[in-house]
Amino acid sequence: MSFEPRIVGILCNWCSYTGADLAGTSRRKYAPNVRVVRVMCSGRVDPTFVLKAFEMGADGVLVCGCHPGDCHYQDGNKKTARRMPLLKKMLAQFGIEDGRVRLEWVSASEGDRFATIVNEMTEQLRALGPFRSNGGDGHG
Amino acid sequence: MAKPKLALYWSAACGGCDVAVLDTNEKILDIANLVDIVLWPIAVDFKYHHIRAMADKSIDLCLFNGAIRSTEQEEIARLLRDKSKVMVAFGSCACLGGIPALANLTSREEIFQRVYREAPSNSNEAGTVPLTKTSVAEGELELPGLFDTVLQLAQVVSVEYFVPGCPPPVDLILKLVDLYATGKLPPAGAVIASEKTCCDECERTKEEKKITRIYRPHEIIPDPKKCLLEQGIICCGPATRGGCGLRCIKANMPCRGCFGPPPGVVDQGAKLVSAIASIYQADSEDDIKKMVEEIVDPAGTFYRFGMAESMLKRKVLRRSQGSVQDAKD
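Residues numbered from 1 in each chain as written. Chains lettered and ligands numbered in written order. Predicted model: local features only at pLDDT ≥ 70, side-chain atom pairs only at ≥ 80, totals over all residues.

A.B. asks: Describe the interface of chain A and chain B, listing the residues and the values that go with them.
C.D. replies: A common way to state how big an interface is: give the accessible area lost once the parts meet. With 28 residues of chain A at the interface, the matching set in chain B holds 34 residues. Elements with a contribution of two residues or more to the side of chain A that touches chain B: α2 (47-55) and α3 (76-93) of chain A. Among the elements that make up the side of chain A that touches chain B, the one with the highest residue count is α3(A) (11 residues). (Contact = placed C-beta atoms within 7 Å. Helix = DSSP H or I, 4+ residues; strand = E, 2+ residues; numbered from the N terminus.)

Have a look at this one:
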C-alpha cells in the first residue's frame, strides 16, 4: 500500500480558512491529505500545537495565516512569522526535516493557492516518508 | 516503635542532589534522628543485596535522584519501587530528565563513537568500547547496558511525589521531610514546589518586553534590578515552575528552567519558543533570520532540564543496521 501522508492544517479564521473554503466551493480538486483545524488567528498557533500534531501521528503540519499587513488582529501573524522559523530551527535539532512544518500566507481569495500548497506539501511528505517519533517508548 | 526507613539513591546524576541533602546542615541530624537510613550510596555503606533481602514496602520513604539511562539504574529503580511505600523523584534529573537527558539529542552509537573513538584525549587504537558481557580467563564479566534514550524516573516506575530543582533547595527538602513527619503529604502526583511561575515570583522591575537582540550571559553585565528578558538575556522564567527561591535570578543570572514546566504547561520548550519569539522585535525576513541565528541552541536552551519530560522526548532515532548492540525498541 502506498504511503498517504497525514497533514494537520491549522488555518486562521479570517483569511486562510476562508481561502480553503473557496477552494472547496470552487470545486478545485486537491490532495485529501490535509485535516484542517480552524483557529481565530495564526497567532493562536502555540508551538505546542505543532508538537502535539506530531505526537499524535501527523507526518506534517501546515500553518496558514493572513498575508503580512492583513491580520484581522493587526499583528497576530507577525508573531507567527517569528515563532515558526525559531520552532523549525529547534525541530531540526530533533531530527525533524524542514519540509514537515510549513508556514504560508493564504488570503480569502486564494483558494487556488491553498490547493497548490496542499498538493505540493503532500508530494514533499510522500518523498520524506512517514514521521516516526520514537521518544518515550521504552528505552529507544 | 521502630523508626521509619529512608533510602536515598542516585542514578544518572552529578551528586549535587546528595550534597543538597547535606546542605540541610544541622537539620540533617534531625533527619537522622527521625529515620533509619537503609541505603545511601554516597554516604552510607549498605549494598543492593541488603535491599533485596528486605520485605516489599518495608522502606517508608525513598528519595531517588538522577535520570535513568542504564540497565542497572532501571533495575535499582524497580527494586526500590517494590521496597518503598513512598517514592520521591528528587531533583530535576529524576523529575524531568535533567542535564543527562540532553543526550537524547544524540544516540548511544554516537556517544560511543565520540567518547571512545573521536575524543582527542583518547588513545584507543584497538577501538575498544565497553561491552555488556566480556569473557576473560576467570569467567564472564558484566557491565550495565546504556540506553539510547535517557528517561525520567516516572517513565520507569510509578512516583508519588516530585521535588524538582538542580539541586532541590534546602527549604523544599525540609518541607518534604516536615510534610512526611507530620503525615500531611498531599495527594500522590504532587510537585513539592510553587504553583506559580518563576517569573511570577521574580521581584525585578518589569516593563514592556520588547527586545532587538539576544545577549548570551557572557556578553553582558545585566542590571540587577531589571527583568533579564527585557535586557535581551534568555531567561526561562516565564515557562518555569517557581518555588526555587530565585537562586539564579538573585545571582544576576537568568533562569535556566530547572523546575520544569509550571502547572498547565505541557511542553516547556514550545512555550519558550513562543515567548522569546513574541518579544523579539523582528518583522522583516532579515530581522527574523537574525533572531533565529542569535538563539544558538534552542533545543539545549529551552529543554536544558526538561528533555525527557518534553513532548518529543528525543531526536528521531535512525538505526544503522546491526551496529547498536542489544538495543531495546
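A.B. asks: Residues and numbers for the packing of α3(A) against helix α10 (residues 268-279) of chain B, please.
C.D. replies: Geometry of a packed helix pair, given as the angle between the helix axes and the separation of the axes. As a packed pair, α3(A) and α10(B) sit with axes 8 Å apart at the nearest point and diverge in direction by 135 degrees. By the criterion of interaxial angle, the relationship of α3(A) to α10(B) is oblique. As for how α3(A) packs across α10(B), the hand of that crossing is right-handed. Residues Lys79(A), Arg82(A), Arg83(A), Leu86(A), Leu87(A) and Met90(A) of α3(A) form the contact with α10(B), whose own contacting residues are Gly269(B), Val273(B), Ser274(B), Ala277(B) and Ser278(B). Class assignment of the residues belonging to the contact of α3(A) with α10(B) gives a composition of 5 nonpolar, 3 polar and 3 charged. (Axes fitted to C-alpha atoms, helices over the stretch in contact; angles between N-to-C directions. Parallel < 35°, antiparallel > 145°, perpendicular 65-115°, else oblique. Left-handed = near helix turned anticlockwise from the far one by under 90°. Nonpolar A, V, L, I, M, F, W, Y, C, P; charged D, E, K, R; others polar.)

A.B. asks: I'd like a description of the environment of Gln113(B), backed by residues and values.
C.D. replies: Residues and elements named next belong to chain B. Checked against the element boundaries, Gln-113 lands in helix α6 (residues 108-118). On the neighbour-count criterion, Gln-113 (15 C-beta atoms within 10 Å) is partly exposed. Spatially, the C-alpha atoms of Gln-113 and Leu-6 are 40 Å apart, while their sequence positions differ by 107 residues. (Buried ≥ 20, exposed ≤ 12 C-beta atoms within 10 Å, placed from the backbone.)

A.B. asks: Help me get a handle on the sheet that holds strand β5 (residues 84-90) of chain B, residues and values and all.
C.D. replies: All names here are of chain B. The 5 strands are arranged β2-β1-β3-β5-β9 in an open sheet whose pairing can be described as parallel. Strand pairing shows two members of the sheet lacking a second neighbour, β2 (36-39) and β9 (161-163), which therefore form its edges. On average, each strand axis in the sheet is tilted by 25 degrees relative to the strand beside it, whichever way the strands run. In this structure, strand β3 (residues 59-65) lies alongside β5, joined through 6 bridges in parallel fashion. Bridge assignment links Leu-61 to a residue of β5, and that residue is Val-86. (Pairing = 2+ DSSP bridges.)

A.B. asks: Which residues make up unusual backbone geometry, and what values do they have?
C.D. replies: Residue Pro167(B) follows Cys166(B) across a cis peptide bond; omega there is -5 degrees. Following the sequence through the fold, Pro167(B) ends up in the loop between β9 and α7 (170-181). Its identity is not glycine, yet Gln74(A) carries a phi of approximately 75 degrees, on the positive side. Residue placement: Gln74(A) occurs in the loop between β3 (60-65) and α3. Even without glycine at this site, Asn252(B) takes up a positive phi of about 65 degrees. Considering the arrangement of structural elements, one finds Asn252(B) in the loop between α9 (247-250) and α10.

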